[in-house]
Amino acid sequence: MTESSHHENIELLTYSEVIDVKGFVGNFDVTIRMRPRSVDMSRCTGCGDCLTKCPAKVPSEADQGLGTRRAIYKPFSNAVPNVPVIDRDHCIYFTKGKCQICQKVCKAGAINYEQEETIRTEKFGAIIVATGFSLFDISKYGEYGGGRYKDVITGLQLERMIDPNGPTGGRLVRPSDGKPAKSVVFVQCVGSRDEVKGMAYCSKVCCMYTAKQAILLKDHFPETQSYVFYIDIRATGKNYEEFILRAQREYGVVYLRGRVSKIHDPGDKLEVYGADTLAGESVKINADLVVLASAMVPNPDARDLARMLNIPYDSYGFYSEIHPKLQPVESITRGMFIAGACTFPKDIPDSVMMGSAAAAKVCTLFAADELTVEPKLAEVAVDKCVGCFNCVDVCPYDAIQKDTVSGRNVARVIQTLCQGCGNCASTCRSGALDVKGFTDKAIYAQISAPFEADEEEENAYAGA
Amino acid sequence: MEIGYYPGCSLESASREFDISLRAICGMMNITLVEVPDWICCGTSPTHAVSQELSHLLPYKNIQKAEMHGIKELLIPCPSCLYSISHTEAACVTDANVRQRLSEVTGYTYEGGLKIYHLLDFLRDRVTLGGLKAMVKKPLEGLKIASYYGCLTRFFPAAADDMEQPSLLEQIIEALGGQPVEWTCKVDCCGASLSITRPDITKRLLGEILQSATRASADCIAVVCPLCQSNLDIRQKGLTSPSGAPYAIPVIYLTQLIGIALGARSGALGMEKLMIDAMPLLRAKGLL
Amino acid sequence: MLELDAEHVHNLSKRVKELSGDDVTHCIQCGKCSGGCTVAPDMEEIPSRIMRFIQLNMKERALTSSMVWTCSSCLTCTARCPEGIDIAKVMNVLRMMCLAEGYTPKEKHIHVFNRLFIDMIKKYGRVYELGLMVQNNMMAMTPFRDIGLLPAILKKRKIGLLPHKVKALGEVKELFKKGQTFYKRMKVEGWK
Ligand SMILES: Cc1cc2nc3c(=O)[nH]c(=O)nc-3n(C[C@H](O)[C@H](O)[C@H](O)COP(=O)(O)OP(=O)(O)OC[C@H]3O[C@@H](n4cnc5c(N)ncnc54)[C@H](O)[C@@H]3O)c2cc1C
Ligand code: SF4
Ligand code: SF4
Ligand code: SF4
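All values reported here derive from a predicted model rather than from experimental measurement. (Residues numbered from 1 in each chain as written. Chains lettered and ligands numbered in written order. Predicted model: local features only at pLDDT ≥ 70, side-chain atom pairs only at ≥ 80, totals over all residues. Heavy atoms only, no water.)

Undergrad: In this structure, what is going on with the site of ligand 3? I would like to understand it.
TA: By nearness alone, 13 residues border ligand 3, and C:Cys27, C:Cys30, C:Gly31, C:Cys33 and C:Cys81 come closest of all. Tallied by class, the residues present in the shell around ligand 3 amount to eight nonpolar, three polar and two charged. (Near = heavy atom within 4 Å. Nonpolar A, V, L, I, M, F, W, Y, C, P; charged D, E, K, R; others polar.)

Undergrad: I would appreciate a short explanation of the sheet that holds strand 16 (residues 281-287) of chain A in the present structure.
TA: Each strand in a sheet pairs with another by means of backbone hydrogen bonds, the pair being arranged parallel or else antiparallel. Residue and element names in this part refer to chain A. Taken together, three strands build an open sheet; the order of strands is 14-15-16 and the sheet is antiparallel. At either margin of the open sheet sits one strand with a lone partner, and together these are strand 14 (262-264) and strand 16. Across the sheet, the mean angle from the axis of one strand to that of its neighbour is 25°, orientation sign disregarded. Relative to strand 16, strand 15 (residues 270-276) runs antiparallel, the two being bridged by seven bridges. Bridge pairing in strand 16 places Ala275 opposite Ser282. (Pairing = 2+ DSSP bridges. Helix = DSSP H or I, 4+ residues; strand = E, 2+ residues; numbered from the N terminus. Axes fitted to C-alpha atoms, helices over the stretch in contact; angles between N-to-C directions.)

Undergrad: Looking at this model, I keep getting lost on the interface of chain A and chain B. Mind explaining?
TA: Contacts between the two partners involve 11 residues from chain A, matched on the other side by eight residues from chain B. Contact between chain A and chain B buries roughly 790 Å² in total, counting both sides, with carbon and sulfur atoms accounting for 40%. A per-residue breakdown of the area chain A buries against chain B is headed by A:Gly142, A:Arg148 and A:His264, which together make up 50% of the total. The interface formed by chain A and chain B contains two salt bridges. Between B:Arg215 and A:Glu271 there is a salt bridge, with its nearest N and O atoms 3.3 Å apart. (Contact = heavy atoms within 4.5 Å. Buried area = accessible area lost by both parts, 1.4 Å probe. Salt bridge = Lys/Arg side-chain N within 4 Å of Asp/Glu carboxyl O.)

Undergrad: For this particular structure, what's the right way to read the interface of chain B and chain C?
TA: Many analyses report the size of an interface as the accessible area lost when the parts associate. Listed per partner, the contact involves 59 residues of chain B and 61 residues of chain C. Considering only the surface of chain B that becomes buried against chain C, B:Val50, B:Gln52 and B:Ile196 emerge as the three largest contributors, covering 13% of it. Between the two partners, chain B and chain C, sit six salt bridges. A salt bridge links C:Glu107 to B:Arg198; its shortest N-O distance comes to 3.6 Å. Counting every contact that joins chain B to chain C gives 12 residue pairs in polar contact (both at pLDDT 80 or more). Elements with a minimum of two residues in the side of chain B that touches chain C: helix 1 (8-12), helix 2 (16-28), helix 3 (44-50), helix 4 (52-68), helix 6 (96-106), helix 10 (199-215) and helix 11 (226-234) of chain B. (Polar contact = N/O pair within 3.5 Å; in protein donor to acceptor, adjacent residues only side chain to side chain.)

Undergrad: I keep staring at the nonpolar core and nothing clicks. Help me out?
TA: Nonpolar side chains tend to gather and get buried jointly when the protein is soluble and globular. Judged by nonpolar contacts, the single largest core of 119 residues is most densely connected at B:Leu176 and B:Leu254. Setting aside its immediate chain neighbours within four residues, B:Leu176 contacts B:Leu132, B:Val136, B:Pro139, B:Leu140, B:Leu254, B:Leu257, B:Ile258 and B:Ala261. Of all hydrophobic cores here, the second largest spans 43 residues; its members include C:Leu12, C:Leu19, C:Ala88 and C:Leu99. (Core = buried A, V, L, I, M, F, W, Y, C linked by side-chain atoms within 4.5 Å. Buried < 20%, exposed > 50% of the residue type's maximum accessible area, 1.4 Å probe, protein only.)

Undergrad: Explain the packing of aromatic side chains to me, please; I cannot follow it from the model alone.
TA: Two descriptors summarise a pair of aromatic rings, namely the distance from one centre to the other and the angle between the planes of the rings. One pass over the full model with this rule turns up 18 aromatic pairs over all chains. Consider the rings of A:Phe94 and A:Tyr113, whose centres lie 5.9 Å apart with planes at 70°: the pair is edge-to-face. Remark: A:Tyr113 occurs in the loop between helix 4 (101-105) and strand 7 (118-124) and A:Phe94 occurs in helix 3 (residues 92-96); sequence separation between them is 19 residues. Judged by relative accessible area, A:Tyr113 falls into the buried class, the value being 6%. Three or more aromatic residues joined by ring pairs make a cluster, and in this case those are A:Tyr201, A:Tyr316, A:Phe318 and A:Phe344. Seen from the ring of B:Trp39, C:Arg126 lies directly overhead, with NZ or CZ sitting 3.4 Å from the centre. (Phe/Tyr/Trp six-rings, centres within 6.5 Å; stacked < 30°, edge-to-face > 60°. Lys NZ or Arg CZ within 6 Å of the ring centre and 35° of its normal.)

Undergrad: Help me understand the sheet that holds strand 2 (residues 32-35) of chain B in this model?
TA: All names here are of chain B. Spatially, four strands are ordered 2-1-3-4 in an open sheet, and the strand pairing comes out parallel. The strands lining the two open edges of the sheet, one partner per strand, are strand 2 and strand 4 (115-117). On average, each strand axis in the sheet is tilted by 40° relative to the strand beside it, whichever way the strands run. Pairing between strand 1 (residues 2-5) and strand 3 (residues 73-75): two bridges, direction parallel. In the strand pairing of strand 3, Tyr5 is matched with Leu75.

Undergrad: Sorry, what's going on with the domain arrangement of chain C here?
TA: Residue and element names in this part refer to chain C. Here the domain parsing of chain C yields domain 1 (11-100) and domain 2 (108-185). Listed as interface residues are six residues of domain 1 and, on the opposing side, four residues of domain 2. For the domain 1 and domain 2 pair, buried surface summed over both sides reaches about 570 Å², with 85% attributable to carbon and sulfur atoms. The largest share of the area that domain 1 buries against domain 2 comes from Trp69, Met96 and Leu99, three residues that together contribute 69% of it. Scanning the region where domain 1 abuts domain 2 turns up zero salt bridges. Viewed at the interface, domain 2 and domain 1 are joined by zero residue pairs in polar contact (both at pLDDT 80 or more). At the level of secondary structure, the elements contributing two or more residues to the side of domain 1 that touches domain 2 comprise helix 5 (66-70) and helix 7 (87-100). The biggest single contributor to the side of domain 1 that touches domain 2 is helix 7, with three residues. Here the side of domain 1 that touches domain 2 is built from residues that sort into five nonpolar, one polar and no charged. (Domains from an automatic or database assignment.)

Undergrad: Just checking my understanding: could you explain the site of ligand 1 for this structure?
TA: All names here are of chain A. Of all residues adjacent to ligand 1, which total 18 residues, the nearest are Lys212, Ala341, Lys346, Asp347 and Ile348. At 2.8 Å, a backbone N or O of Ala341 approaches an oxygen atom of ligand 1. Ile348 places a main-chain nitrogen or oxygen 2.8 Å from an oxygen atom of ligand 1. Computed on the free molecule, ligand 1 has an accessible area of 1,000 Å², of which 63% lies beneath the protein chains in the complex. Elements represented by at least two residues in the shell around ligand 1 include exactly strand 9 (133-135), helix 5 (155-161), helix 6 (206-220) and helix 9 (348-367). Here the shell around ligand 1 is built from residues that sort into eight nonpolar, six polar and four charged. (Areas by Shrake-Rupley, 256 points an atom, 1.4 Å probe, with all protein chains shown as cover.)

Below is the structure:
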């Protein structure tokens, strides 16, 4: 991250969001909303004085609610850029009109409450979408407490907890009473592989990160005992299976083949009820901490973003590639690439691979002077077009624009956008639109050909 | 308000106080219970284990009797009866095979449209929590109550908010001024159906439930199921906590608690029929 | 040893599906049903294993298992199965198949209790708890079980001494006659 922020060819736009995309490959007009940071990037030295003095405390998003941040904050300790932002919804000055403590403590005079949102529109040649994933909402699992048992946490919360810079300073504790956690139960597939309450798919990464977490726990806190309830272990990467075996053999992690059915929280130790289908027994474990491997799911706004960018998505909301094997990082919209967990749950190696592939694809695209396109493109017979523009509405790729030719309104096809689907051709009532190579005339000819042949053949037989 | 009423075998015998207290509070709330005339046993789990046909026929006959008596809305306080009857009602609406066969055997065709209520739904949707609260004369102040749904209630709209962590019973207890406790066993099965055939299992289950209620410092357990009540009440004797102390937690029907809060005399609520006497507790809390 | 052959391997799961509507081949053997099962801690087999027996056409094991017969029909498993299988209903179907196919359940006394219960409905139209308890104890050869509870129960007049009879008993008898018990009808196609 830090490296890319210093690269001469990279401009990192943080605290900003793409709100509109027009145009086509090589010519995207992208509108970006730059939200007001309320801190002047050019003045801020990143000293962090403001971060400790701000009196407004808010649950920290990055720490998954386990810790707090201030209203002026950096999302996490090594965030890029090293400049804080004021969360105006929680800032006392913005909500109540009084405070301005950060302004007083900032020696660089970087605080600027007057900053306003700016909108900028720029041209880009290609777009890579790598918006990642969200975590499944565990409140659907009432049997696991549905988020109300304090000592039942998600895998991501545990990641934060074991981070030395995290909310507990790297100590493994029960959020309920701050006491050290000794017996830890991991529950796999929470929201994954569950057609009734969650997602039918396997989230792919949780088996591995759970093993990683169990190993880390034993490494850092030798007195802990971890148990992992799993349905089956998905460890299909390089050295992955060996890693799981290490967790079991070297770190004494007890793997139980079964799903947890319910967790009771009587106030002291959690009672975890599950089964081990290999032993054919139901199992009860008293635990200090339970870690749920909640499923990786698409972001809540994934569909809206896809519609804006004009890229297709599957029934879950993951972005679809043109071809899962041969064109895995290309979306159907030319010049628009997809990478990482926004396409499906994947781990870091796979995400990096996709990101690199997408970047390479963009380089290839930009390196060529000309674009090769499929020959089957829509074409407007300008003399027949009456300018009703029904075609504009039906084109899924926004490939048809309104144009004027000698004072007449007519449709024009942007060849780089058109995918030759033929929607426009079948919609056009004046017969002005045709797909090259698939003209109405040619199709009719194909349909009638067999019948004509039949007639000829019949005649032939009749003559014989 | 008038509402059809199917008491079922338990409310007629071992759980008479459920029936008595229900009738008493309905009287106080100006609700007329119209009993299904000459109702028969719904068949409950034993028929489900022996004959699918019979398990539909017995409930169907009751639906028939209710409809012929002009009943459009039916309150079934026993969750087990409710499960059988609403199961058949739903099957008639969704499965043409079942409907046809049942009308063949009984000579009567059910067209759908009977609204069936669990006690909790009924209180929420028809009496309303606000309405109930307004009628309270003696709030159940200081009474710590473990709300026990049992295993079947979660399948009805009563628990629609969250099958595993329902809250309606707690909301009702709060409306009565009582204090619901957080405890762990509210939707666990008490094993009533095994109390005769496998008492060892039932004992284990009761132990877990009573221990959980005790840990939560509940004064009593509120129930909405006659089988849960009998099981927890009759078989509590002789059970001890892990520390060896005998359990004596009153197991009180929600309808009785409502009656007390509405100011009914304990005699009118069948309180004396509870095996574990609830009177000392209620007296100590100044509720009698 | 379990021997599988292509011709029969799906027999049991197909039959269960016909009777219950539940496709047990969908079971992913996650064990969630077993983890929360009310009776599993006291059983030799756990519910997920019964589902496995069905998947592998292990008929006798599936039909006669104590687990199947002891199931309390609490539906906890059904509420949590990630595949939406109504396991409790499958248990009921297995019990019916067990009787229909002439197997002897391991927990015979539970079946005896069910029969007594149903006979009582047949006789009186309603269930008469005292009679049920006494009769069950006689049949189970444990005449004095629960006897200690009786005096108190009777004193509180919780259980009636005499059965309640419904008026239209003829109708009830008719139901029993016309709606033949399931295992006689099982051979008749079409009825679920
Ligand atoms: C608990 C847990 C532990 C894990 N441990 C490991 C591990 O040990 N090893 C491993 O290989 N993998 C691990 N993973 C998987 C790893 O997190 C993912 O593979 C990886 O994060 C995917 O990277 P990504 O860049 O595609 O998505 P993300 O990491 O989700 O990044 C997407 C980014 O896009 C931003 N964004 C989203 N929408 C927009 C928008 N509209 N505009 C601008 N920005 C936007 C988001 O804020 C985010 O910063 C773990 C996952 C979890 C849940
Ligand atoms: S990766 Fe493992 S834990 Fe995660 S959903 Fe798949 S099987 Fe379950
Ligand atoms: S819960 Fe469902 S899928 Fe899981 S083992 Fe039981 S029946 Fe199979
Ligand atoms: S319904 Fe039967 S199998 Fe299912 S959890 Fe209850 S006792 Fe166990």
